[in-house]
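The primary structure of each chain is shown beneath.
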Amino acid sequence: MSTIDDYQNNVEIQWCPGCTNFSILQAFKKALVELDRMPQEVCMVSGIGQAAKLPHYLKCNFFNGLHGRALPVATGVHVANPRLTTIVVTGDGDCYGEGGNHFLHTLRRNPDITVVVNNNEIYALTKGQASPTTPLGESRTLQPKGVQLTPLNALAIAILHGCGFVARGFAGDIEHLKNLLVEAISYRGFSYVDVIQPCITWGTHPMNWYRDRIYKIGDSYDPTNRESALEKSMEWGNKVPIGIIYKVASSEIFAGRFRKAVSTRPMFEFQPPNRKIIFKLLSAFRASDGSHKEAHTD
Amino acid sequence: MKDINVIIAGAAGEGIHTVGDILARTISAQGYAVFTWQEYESRIRGGQNSYSIRISEKPRNAPLLQADALLGLNDGAVNKYKPLLKEEGILIAQRQSRKRMITIPFGEVAKEELNDKIFANTIAIGALTGVLGADLDTLNQVLAEKFKKKGQGIVQGNLSAAQKGYRQATQQCKGMCAWKLPRQEARYYLVSGNEAIPLAATFAGCRFIAAYPMTPSTGIINYLAKEGELLGIFAEQAEDEIAAINMALGVSYSGARAMTATSGGGFALMVEGISLSGMTETPVVVILAQRPGPATGLPTRTAQGELLFSINAGHGEFPRLVLAPSDPYDAFHKIVKAFNLADKYQMPVIVLTDHFLADSQFSVLDFHLNTVSPTSYIADPQKIRDYKRYQLTKNGISPRLCPGQSRHLVGVDSDEHDEEGHITEDLDVMVRSMVKKRLSKLDSLKQEISLPEETNVNDADIVFVGWGSSRGALLEGLRLLKQEGNKVGMIHFTELWPLPEFSFPNGKTYITVESNATGQLARLLRSEYSVSFKGTISRYDGLPLTGEYIRSNFNEYYR
């Protein structure tokens, strides 16, 4: 049985005091304990940004890589060791801006990983520029007269591109977010959670502004219907839904065919390459009736 | 025997690759050392391209530009390549255009006598086999093997076509063709760089390749994608080169060997990933198959233009290994070394090839596979009590474990980090220690670097200094210049960073020979060894260096 203490480490946290990322960190720890994962079974992958520091603040395996590149690294981790619980923690700038192309193609690949986007609608670590999700017209450090670019609807993109688990969480509701994370991590296939994470330092609106607009998706909603999910993903403004927006059985997992044909074990446990096969493939490059034989012992 | 150089010329899509491949295999199966190289335009149909086959008793593995025999599949090809045909050479074509030639209207014969135009090229192959005086039986075996999947009818049609071409050619040859290639004992592997590299990677225990298709590197991932399940290697086409190297790093972090392959433009996109490999100390092998740049350059031509780029690629300071094999045999051994040293020193390894090495087929008698083997450098988790991924050690190498393998946690970070991989701003102690730790790996790495190959240096007045795939051309250049009475030698580098402890003998004139316009090797060696060069014989028109090119440039500029 894992406990919250298993995930505790003594690394100094660099977020602003009162940052909503603390709540997301808490939700992660609770979710992993509820799932009874041990830290060595978990691998967190991140890029750059405030969200991307999260893997440092809970005990687990982690790869804190380059800005925007967490998804390809996590895809590699999943291919090499499908037994690990691989989770990407990223932000709106990291995942939708710098790493936008990887987001699109990881949706198509469908590795069995979970991606959590701490979406604060702003570039916080570089002090307040617009992000791909900043609403039209809001002013930012680099857009003092207001953002002119259409904000990205990443939830709709995910639904359109075959992602089987699409959800939105809210950093202001740890229990609800924890439940979403448990569902997302348990899901077999690529699962994606966008988390509304108001920035208390650079953001336009205080926490309560979001609280007033957010509502939980009710039991009567059918998350398996693609059309209504798309409609739900486009709800924004005075009413913002949180919860599971789309969930269907996953299509074939990335590298599934290879895994079925070769082995389900982590690649580091694969047997050394068979020399005979290499000799056989090499011999295809030489006429077969030769008198000369490659010298080898095994 | 004197070497014979055969050029097959035709439009893209006309089948010169198949014709060349079948002829090369036939002559190889006949027991001769064959070397082939191709030059083609960046298009799928049309243009005029060539496939050259050099036939010799012992491996030459260097290109010749002039043809002893030229097969032109169409009139345009004949016109474009006829200037390369020697006076005493023989042209094989459909229409009479010179005295010394074999005229067979392949298309008409195929249609009228075999009821199908598709056999035209096989008639041409039969004719070439006859002109060269090789055995029709050997050609028949190669054809049967090549077409067996297409059914008995196709095989029979090809055998009849080969016989028609062979007979017509030998009849017309009387008194004109002097070549004889009777069956010999030797059996060479006829293999290109892009064929040797994936096999070597497998041999070295590579488990993963991700790449974005880019000429001339694509053959490597194509081969591994085809044989992946048999070899236990997963091959993925990435959305871009940035994804490719980052996926490879994810696999490598997880404890399995991983690689990527690209050309200059794609490598430029990977550069941040190279730096990430250096900082996180995650091994990765990157094949950089060079072609002329800048930007898109000449996509289907050859160059050695990325030497200084690959040595310096990546922001910040970190150790890396740069290798540049000379031929497929050397590439096989260097790839195994690349994977072993990437793991041992936990750093990026860049292997420079080029279009010439990637696509040309070389004759190799024996790969000596028993002299190399993969070595694992993953630590034993049982023997470690408190694990720190970046534990400070004397030689800078920290024990590497795999995430999920044991209770030990593996944390890596692109930020400057402490021993556990967590972000640090401890400038006084930790930052200085980590910078020193990473760079100190170079000291021991340097001891693993092979010395350059020296040929006839002691007796030489003039020493040509080259690197990578130009070795065959350099050796040929030495032979040609020696015949003209020059005292020439060669120093040839295949391991370029870090450079080994080496001193250039005094009292010689040094000239670098490079497929680039700015003499990059000269610049590198000048700064590392304080050696001075009289100049550089450089080639930057996209064609490979040849012995003749070196000879004539030497005579023109340095004599």
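Refer to the structure presented above.
In what follows, the accompanying structure is described. This one's a predicted model, so the numbers in the text were calculated from it and none came from an experiment. (Residues numbered from 1 in each chain as written. Chains lettered and ligands numbered in written order. Predicted model: local features only at pLDDT ≥ 70, side-chain atom pairs only at ≥ 80, totals over all residues. Heavy atoms only, no water.)

## Notes on the state of the cysteines
Residues and elements named next belong to chain B. The condition is simple: Working definition: a disulfide is two cysteine sulfur atoms within 2.5 Å of each other. In this scheme, a residue with accessible area under 20% of its type's maximum is buried, one over 50% is exposed, and one in between is partly exposed, where area comes from a 1.4 Å probe on protein chains only.
Within this structure, the stated rule accounts for one disulfide over all chains. At a sulfur-sulfur separation of 2.1 Å, the disulfide partner of Cys173 is Cys177. An S-S torsion of about -80° defines the bridge between Cys173 and Cys177 as left-handed. Here Cys173 matches Cys177 in class, with each residue buried.

## Considering the packing of helix α15 (residues 471-483) of chain B against helix α17 (residues 547-557) of chain B
Working note: a packed helix pair is described by the angle between its axes plus the distance between those axes. All names here are of chain B. Rules: Fitted lines through C-alpha atoms serve as axes, helices being fitted only where they are in contact, and the angles separating the N-to-C directions of these axes extend from 0 to 180 degrees. For helices the rule is a DSSP run of H or I covering at least 4 residues; for strands it is a run of E covering at least 2, with both sets numbered from the N terminus onward. Roughly parallel means an angle under 35 degrees; roughly antiparallel, over 145; roughly perpendicular, 65 to 115; everything else is oblique. The handedness criterion is simple: a crossing whose near helix is rotated anticlockwise from the far helix by less than a right angle is left-handed, and one whose near helix is rotated clockwise is right-handed. Contact between two residues is taken to exist if any of their heavy atoms lie within 4.5 Å; hydrogens are not considered. Under the scheme applied here, ten amino acids are nonpolar (Ala, Val, Leu, Ile, Met, Phe, Trp, Tyr, Cys and Pro), four are charged (Asp, Glu, Lys and Arg), and all others, including Gly, are polar.
At a closest axis distance of 7 Å, the pairing of α15 and α17 adopts a crossing angle of 55°. In terms of orientation, α15 and α17 fall into the oblique class. Crossing angle aside, the handedness with which α15 passes α17 is right-handed. For the pair formed by α15 and α17, the contact residues are Ala473, Leu474, Glu476, Gly477, Leu480 and Leu481 on the first element and Gly547, Glu548, Ile550, Arg551, Phe554 and Asn555 on the second. Of the residues belonging to the contact of α15 with α17, the class tally is six nonpolar, three polar and three charged.

## Some points on the environment of Gly205 of chain B
Its place among the elements puts Gly205 of chain B in the loop between α7 (193-203) and β8 (206-211). On the basis of relative accessibility, which here comes to 14%, the residue Gly205 of chain B falls in the buried class. Separated by 131 residues in sequence, Gly205 of chain B and Val336 of chain B place their C-alpha atoms 8.6 Å apart. Those residues in contact with Gly205 of chain B that sit more than four places away from it in its chain are Pro273 of chain A together with Arg257 of chain B.

## Quick word on α7 of chain B
When you tally the buried positions in α7 of chain B, you get 10 out of 11 residues, the bulk of the element. Within two residues after α7 of chain B, Gly205 of chain B carries a phi angle of roughly 90°, on the positive side.

## Some remarks on the sheet that holds strand β3 (residues 85-91) of chain A
Note the threshold: For two strands to be treated as a pair, DSSP must find no fewer than two bridges joining them.
As summarised here, the arrangement of the nine strands in space is β7(A)-β8(A)-β5(A)-β6(A)-β4(A)-β3(A)-β1(A)-β2(A)-β15(B), forming an open sheet in which the pairing is mixed. Every interior strand has two partners, whereas the edge strands, β7 (214-216) of chain A together with β15 (411-413) of chain B, have only one. Geometrically, the sheet is characterised by an average inter-axis angle of 20° between neighbouring strands, direction not taken into account. Across six bridges, the pairing between strand β4 (residues 114-119) of chain A and strand β6 (residues 191-196) of chain A is parallel. Paired with Val117 of chain A across the strands is Asp194 of chain A, a residue of β6 of chain A. In this fold helix α6 (residues 174-186) of chain A packs onto β3, β4, β5 (165-170), β6, β7 and β8 (240-247) of chain A, with an angle of close to 160° to the strand it touches most, β5 of chain A. Contacting β5, β7 and β8 of chain A, helix α8 (residues 226-233) of chain A crosses the sheet at an angle of about 155° to β8 of chain A.

## Things to note about the packing of aromatic side chains
The test is simple: Pairing of aromatic rings covers Phe, Tyr and Trp, the last through its six-membered ring, and needs centres within 6.5 Å; plane angles under 30 degrees mean stacked, over 60 mean edge-to-face, and all others mean tilted. Comment: the charge-over-ring label is applied if NZ (Lys) or CZ (Arg) is within 6 Å of the ring centre and within 35 degrees of the ring normal.
Overall, the coordinates contain 28 aromatic pairs over all chains when judged by the stated rule. Consider the rings of Phe103 of chain A and Tyr192 of chain A, whose centres lie 5.2 Å apart with planes at 65°: the pair is edge-to-face. With Phe103 of chain A in helix α4 (residues 100-109) and Tyr192 of chain A in strand β6, this pair connects stretches of sequence that are 89 residues apart. On the basis of an interplanar angle of 50° and a centroid distance of 5.5 Å, the ring pair of Phe332 of chain B and Phe367 of chain B is categorised as tilted. Here the residue Phe332 of chain B occupies a position in helix α12 (residues 328-345), and Phe367 of chain B occupies one in the loop between β14 (361-364) and β15, the gap between them amounting to 35 residues. Accessibility expressed as a relative area gives 0% for Phe367 of chain B, which makes it buried. A connected cluster of aromatic rings, assembled from ring pairs, spans Phe493, Phe502, Phe504, Tyr510, Tyr529 and Phe533 of chain B. The ring centre of Tyr215 of chain A lies 4.7 Å from the NZ or CZ of Lys239 of chain A, which sits over that ring. Its end group placed over the ring of Tyr189 of chain B, Arg286 of chain A keeps NZ or CZ at 4.3 Å from the ring centre.

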